[in-house]
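Fold and contact review
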Amino acid sequence: MGYKVAVVGATGVVGREMLQILAERQFPISEVVALASRRSQGKEVSFGDTKILKCQTLENYDFTGTDIALFAAGSTVAKEWGPKVAAAGCVVIDNSSFYRMDPDVPLIVPEVNPDAIDGFTAKNIIANPNCSTAQLVVALKPLHDMAKIKRVVVSTYQSVSGAGNEAMDELFTQTRAIFVNDPIKKERFTKQIAFNVIPHIDVFLDDGSTKEEWKMSAETNKILDPNIKLTATCVRVPVFVGHSESVNIEFENPIDENRARDVLRESPGIMVVDQREDEGYITPLECVGDYATFISRIRKDPTVPHGLNLWCVSDNLRKGAALNAVQIAELLGRRHLKKGD
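Residues numbered from 1 in each chain as written. Predicted model: local features only at pLDDT ≥ 70, side-chain atom pairs only at ≥ 80, totals over all residues. Heavy atoms only, no water.

Attention now goes to the state of the cysteines. Working definition: the covalent bond between the sulfur atoms of two cysteines is a disulfide. Tallying each qualifying case throughout the model produces 0 disulfides. Counting only cysteine sulfurs, Cys90 is the nearest neighbor of Cys55, a cysteine outside any disulfide, at a range of 17 Å. Using a relative accessible area of 0% as the deciding quantity, one classes Cys90 as buried. (Disulfide = S-S within 2.5 Å. Buried < 20%, exposed > 50% of the residue type's maximum accessible area, 1.4 Å probe, protein only.)

Here it is in structure tokens:
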């Protein structure tokens, strides 16, 4: 016996990935429903390699009897529909930022804080973290357990897919325009993204940081440890899929880089590829389609008593969004719903 699962925002890049991963991981499903806006009614999306679903409208769908709803439709939809769906007895797993800092909504990365899921009953809603946070805390968790992290300085190199389908289209059309000498059109990004990098993701805050940078700090504190100090610079780069992060970590206790490498290698969700030679590391191109968070370039930081540097890469549409949501659903099933056993 399986679960009845609805994917809200099924025509978007993350919604499609959710459907793909549900099929790949053979999530126990009795029925899967694709939901989208009115303009996408009847549009076809794939569930795995063999099944095609026709989108139904969110507004007309009755969630009674639906066990889990994976939301991939943004904060506006989450704000309006999350409580309604939850009130119908369906557990909402939301990929937007709307519920992440709500104290009554658990913010979950299953490899990091699985026990926090028990708090979902307060609102029947579970939040999925920001894509850049998800891969970071997977890397930080085993190191924090090993030597207690004091401070993290992270610079991100975030792919355009983190901003959706239109952003991916803009990178493609701008790149093509450069080669055929057409005018460059900026629509989704504030500056040209093709052959460029943009140190600006989300809105600017009063202190000069961006909301994306604030999210990384606030979400890491909620998921991992409120005492960790984190500062971030978030940059959009002309890569279609795959977020990369350069991470500098300062610890309270001594840490050996070889032991750290071994601990990371043994930790769930992590793949260590770290040879000090040409091609002995992972780039975003190589992580696409993979479930793992890849760690490379592990080395001592000699400027502080106890410090490490590392390079962290992951498929942001997977671990940063769809995969993490499905992993939350799996955890929910094991601990609470039990229906799929």
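Now that the structure has been shown, the text picks up again.
Here we take up the nonpolar core. Phe63, Val152, Val247, Ile249 and Ile295 are the most contacted members of the largest nonpolar core, which has 53 residues in total. Of the residues forming this core, the biggest block, 7 residues, is contributed by helix H3 (residues 131-147). For Phe63, the residues in contact, after removing those within four places along its chain, are Ala6, Val8, Leu35, Leu58, Ala69, Val85, Ala88 and Cys90. Counting 47 residues, the second-largest nonpolar core is a separate cluster that includes Val13, Ile68, Val241 and Leu331. (Core = buried A, V, L, I, M, F, W, Y, C linked by side-chain atoms within 4.5 Å. Helix = DSSP H or I, 4+ residues; strand = E, 2+ residues; numbered from the N terminus. Contact = heavy atoms within 4.5 Å.)

Under the 1.5 Å per step criterion, the end-to-end length of helix H8 (residues 318-337) is only 24 Å for 20 residues, more than 12% shorter than the ideal 28 Å. Taking burial as the measure, the 20 residues of H8 include 16 buried ones, the bulk of the element. Just beyond H8, the residue with positive phi is Lys338, at close to 65°. (Expected span 1.5 Å × (residues − 1).)

Let's shift gears to the packing of helix H1 (residues 13-24) against H8. Contact geometry for H1 and H8: axes closest at 9 Å, N-to-C directions at 50°. By the angle between their axes, H1 is oblique relative to H8. Remark: the crossing between H1 and H8 carries right-handed chirality. Of H8, the residues touching H1 (which contributes Val14, Glu17, Met18, Gln20, Ile21, Leu22 and Glu24) are Arg318, Ala321, Ala322, Leu323, Ala325 and Val326. Grouping the constituent residues of the contact of H1 with H8 by class yields 9 nonpolar, 1 polar and 3 charged. (Axes fitted to C-alpha atoms, helices over the stretch in contact; angles between N-to-C directions. Parallel < 35°, antiparallel > 145°, perpendicular 65-115°, else oblique. Left-handed = near helix turned anticlockwise from the far one by under 90°. Nonpolar A, V, L, I, M, F, W, Y, C, P; charged D, E, K, R; others polar.)

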